[in-house]
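Coordinates in review
Listed below, chain by chain, are the residues.
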Amino acid sequence: MATTEHIRPVKPRRGFTGRPSPSPGRLSGRLPWMLLLPALLGLAFLVLPLAGLLIRAPWPTLPQRLAEPHVLEALRLSLVCATVATAACLLLGVPLAWLLARVEFPGRRLVRALVTVPLVLPPVVGGVALLLVLGRRGLIGQWLEATFGVTLPFTTAGVIVAEAFVAMPFLVISVEGALRGADRRFEEAAATLGASRWTVFRRVTLPMIAPGVVAGAVLCWARALGEFGATITFAGNFPGTTRTMPLAVYLALETEPEAAIVLSVVLLAVSVVILASLRDRWVSAS
Amino acid sequence: MFRRLSRWAVALPAVLVLGLSGCGSGGPDASTAPAAGAGAGEVTVFAAASLTGTFTELGRTFEAAHPGTTVKFNFGSSATLAQQIAQGAPVDVFAAASPATMKTVTDASLAGAPATFARNTLQIAVPKDNPAKVDDLADLTDAKVKVALCAEQVPCGAAAVKALDAAGLKVTPVTLEQDVKATLTKVELGEVDAALVYRTDVIASAGKVTGIGFPEADKAINDYPIATLAKAPAGDLAEQFVDLVLSQQGRDVLTKAGFEAP
């Protein structure tokens, strides 16, 4: 135990790999327009739609619209569900990423491809697939209802399941990337000093890949917060239990585009504030 | 003249007459309409989700009568479609499931005067094995019965509220779906025990769900209006498609699917 204690605080990667570690200030000279121009275009492409939302937002009526109980209800539901879904993804996704990065087993490439399926699957299709497995007449859902009397569709738990399904690949991919980038010699050193594989993971691996885990969790949370298709298909749409912000936006768009814009601005503001503060505290500090 | 005739002619003659009038009216007034006099071009139709089956069929009929013409459909909740039209979607024909949604388009002077072409009533849809033993509207108030309704913002939801109000019943659904097809799907998959959907959707499900009629449905009959858009890119072709829907042939297709004549 004491030995692993020594290893933990070391800032590894740089010194041991011998790779150069360029700092941003090292390269000087003029910015190449071949990079600068597309970069600025890309930025405009991403930012302009957001600007559109902000410009069209009905600012004078914004405060009173925000105070409406259904807005706060949807916002609270969105934040709770995305956070619980992210916690669930961390519990299941980090070990899965570890399995993919550290354990040789037949069919590993296939498993890795399968893990990314929810990324390419249209979320609505994901929702249908979830219904077929966890729905009341689904393969597992049937058994869940018969044994525990639990049904997931149309419940807040269903929202969390749908969000976790869609968001987990983001976490797994970024944690697996961090694991592959981490120097395995620290783990090997810990193992030769007598640490078990679990101890190695807990005391050496996890601290080393912490920034990757946090970045993955942030991505995962953001994806869960914006989840729409799988949620409305699997969990339905009812105020207070399953109507998250994206669903409320979609419904408002039916009759009252202004209300939809307000909801979008709120979701945007909350997510930007949370992501920005997390980034300052965790990601860049590491 | 020809159009008026076609409205009353039956089946095949109607197709021929429409075809002829397509040729005859040659120079469409809208400048963006295709130059080819034979009616080559594209008609874009936005139609309520509950019209998916019937309009797809009518679209094929129209294409057969106007060689070289394609009819493109966008099916969805009438409210969504109305919003898309208001945002400037290039549409020729709009067929809504309620006068209220059509009104949002006509009020903005985006479409000409609408004509009512069909009516639809609600039914209770239950899974084939009817697990909750639902047989009338009052059964839906049972807390143990899982009910799906359309959201009040879309026509089938507005009709459901009207029918339940007429019956003096209060139902707490587990979900408020975005359009009637999504509501029906929840029944087909057995995720809910009952839903209020249109009679036509029950028929379209081809036996996957059972429909139960109820007297209060008469209080919530939906009129379906259709109109050509003021800026219809297809010009005359759009009018001809509307004529087909309003013709006896169109009515036959709609009646077969369970719609009532207006």
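Please read these numbers as outputs of a predicted model, since none were measured by experiment.

**Some remarks on the state of the cysteines**
Using the criterion set out here, one finds one disulfide over all chains in the structure. Paired through a disulfide, B:C150 and B:C156 show a sulfur-sulfur distance of 2.0 Å. The sign of the -105° torsion about the S-S bond sets the B:C150-B:C156 disulfide as left-handed. Overall, the relative accessible area of 3% leaves B:C156 in the buried class. Distance from the sulfur of A:C81, which forms no disulfide, to the nearest cysteine sulfur (A:C89) is 13 Å. Here A:C89 stays free of any disulfide, with the sulfur of A:C220 as its closest cysteine sulfur at 3.6 Å. For A:C89, a relative accessible area of 1% translates into the label buried.

**A short note on helix α10 (residues 156-181) of chain A**
Given a rise of 1.5 Å per residue, 26 residues ought to cover 38 Å, and the 37 Å separating the end C-alpha atoms of α10(A) matches this to within 8%. For α10(A), the principal kink sits at A:A167 and spans about 40°; a proline, A:P169, occurs within the next four residues.

**Section: the UniProt feature "transmembrane region" (unreviewed entry) in chain A**
Residue and element names in this part refer to chain A. When the UniProt feature table is mapped onto this chain numbering, "transmembrane region" (unreviewed entry) sits at residues 33-55, 75-101, 113-134, 154-175, 204-224 and 259-278. As annotated, residues 113-134 comprises 86% helix and 0% strand, and the C-alpha atoms at either end are separated by 22 Å. Regarding residues 154-175, the helix share stands at 91% and the strand share at 0%, and the terminal C-alpha atoms are separated by 31 Å.

**Overview of the packing of aromatic side chains**
Residue and element names in this part refer to chain B. One pass over the structure, following the stated rule, counts 13 aromatic pairs over all chains. Judged by centre distance (6.1 Å) and plane angle (85°), the ring pair of F117 and Y224 falls under edge-to-face. On the criterion of sequence distance, the pair formed by F117 in strand β4 (residues 115-120) and Y224 in strand β10 (residues 222-228) is long-range, its members being 107 residues apart. Y224 sits in the buried class, given a relative accessible area of 0%. Ring pairing ties together the aromatic residues F55, F62, F73, F75, F117, Y198, Y224, F241 and F259, which thus form one cluster.

**Side note on the interface of chain A and chain B**
The interface of chain A with chain B comprises 21 residues on the first partner and 24 residues on the second. The largest per-residue losses of area from chain A upon contact with chain B belong to A:R136, A:F154 and A:E254, which jointly make up 36% of the total buried on that side. On inspection of chain A and its partner chain B, the count reaches two salt bridges. Measuring nitrogen to oxygen at the nearest pair gives 3.1 Å for the salt bridge that ties B:D129 to A:R137. Where chain A meets chain B, there are eight residue pairs in polar contact (both at pLDDT 80 or more). Mapped by element, the contributors of at least two residues to the side of chain A that touches chain B are α8 (123-134), α13 (229-234) and α14 (245-255) of chain A.

**So, the packing of helix α5 (residues 69-102) of chain A against helix α12 (residues 197-225) of chain A**
Residues and elements named next belong to chain A. Running from N to C, α5 and α12 point in directions that differ by 135°, and their axes come no closer than 8 Å. Taken together, the axis directions place α5 and α12 in an arrangement best described as oblique. Crossing of α5 against α12: the hand is right-handed. For the pair formed by α5 and α12, the contact residues are S78, L79, A82, T83, A85, T86, C89, L90, V94, W98 and R102 on the first element and R197, F201, L206, V213, A217, C220, W221, A224 and L225 on the second. Here the contact of α5 with α12 is composed, by residue class, of 15 nonpolar, three polar and two charged.

**Some remarks on unusual backbone geometry**
One non-glycine residue with positive phi stands out, namely A:F154, at about 70°. Within the fold, A:F154 resides in the loop between α9 (139-148) and α10. Backbone geometry places B:S109, a non-glycine residue, at a positive phi of 55°. Mapped onto the elements of the fold, B:S109 is located in the loop between α5 (99-107) and β4.

**Section: the sheet that holds strand β2 (residues 69-76) of chain B**
Residue and element names in this part refer to chain B. Strand order in the open sheet formed by five strands is β2-β1-β3-β10-β4, with mixed pairing between adjacent strands. Each of the sheet's edge strands pairs with one partner strand only, and the pair in question is β2 and β4. Between one strand and the next, the sheet's axes are offset by a mean angle of 20°, whatever the strand orientation. Inspection of the sheet shows strand β1 (residues 41-48) paired to β2 by eight bridges, in the parallel sense. Of the residues in β2, the one forming a bridge with V43 is V71.

**Let's talk about the UniProt feature "domain: ABC transmembrane type-1" (unreviewed entry) in chain A**
UniProt records the feature "domain: ABC transmembrane type-1" (unreviewed entry) for residues 75-278 of chain A in the present numbering. The span residues 75-278 of chain A is 81% helix and 0% strand, and its two end C-alpha atoms sit 19 Å from each other.

Rules used in this analysis
Residues numbered from 1 in each chain as written. Chains lettered and ligands numbered in written order. Predicted model: local features only at pLDDT ≥ 70, side-chain atom pairs only at ≥ 80, totals over all residues. Heavy atoms only, no water. Disulfide = S-S within 2.5 Å. Buried < 20%, exposed > 50% of the residue type's maximum accessible area, 1.4 Å probe, protein only. Helix = DSSP H or I, 4+ residues; strand = E, 2+ residues; numbered from the N terminus. Expected span 1.5 Å × (residues − 1). Bend = angle between axes of the 7 residues up to and from the residue. UniProt positions renumbered as here; feature names shortened; annotations may be inferred. Phe/Tyr/Trp six-rings, centres within 6.5 Å; stacked < 30°, edge-to-face > 60°. Contact = heavy atoms within 4.5 Å. Buried area = accessible area lost by both parts, 1.4 Å probe. Salt bridge = Lys/Arg side-chain N within 4 Å of Asp/Glu carboxyl O. Polar contact = N/O pair within 3.5 Å; in protein donor to acceptor, adjacent residues only side chain to side chain. Axes fitted to C-alpha atoms, helices over the stretch in contact; angles between N-to-C directions. Parallel < 35°, antiparallel > 145°, perpendicular 65-115°, else oblique. Left-handed = near helix turned anticlockwise from the far one by under 90°. Nonpolar A, V, L, I, M, F, W, Y, C, P; charged D, E, K, R; others polar. Pairing = 2+ DSSP bridges.

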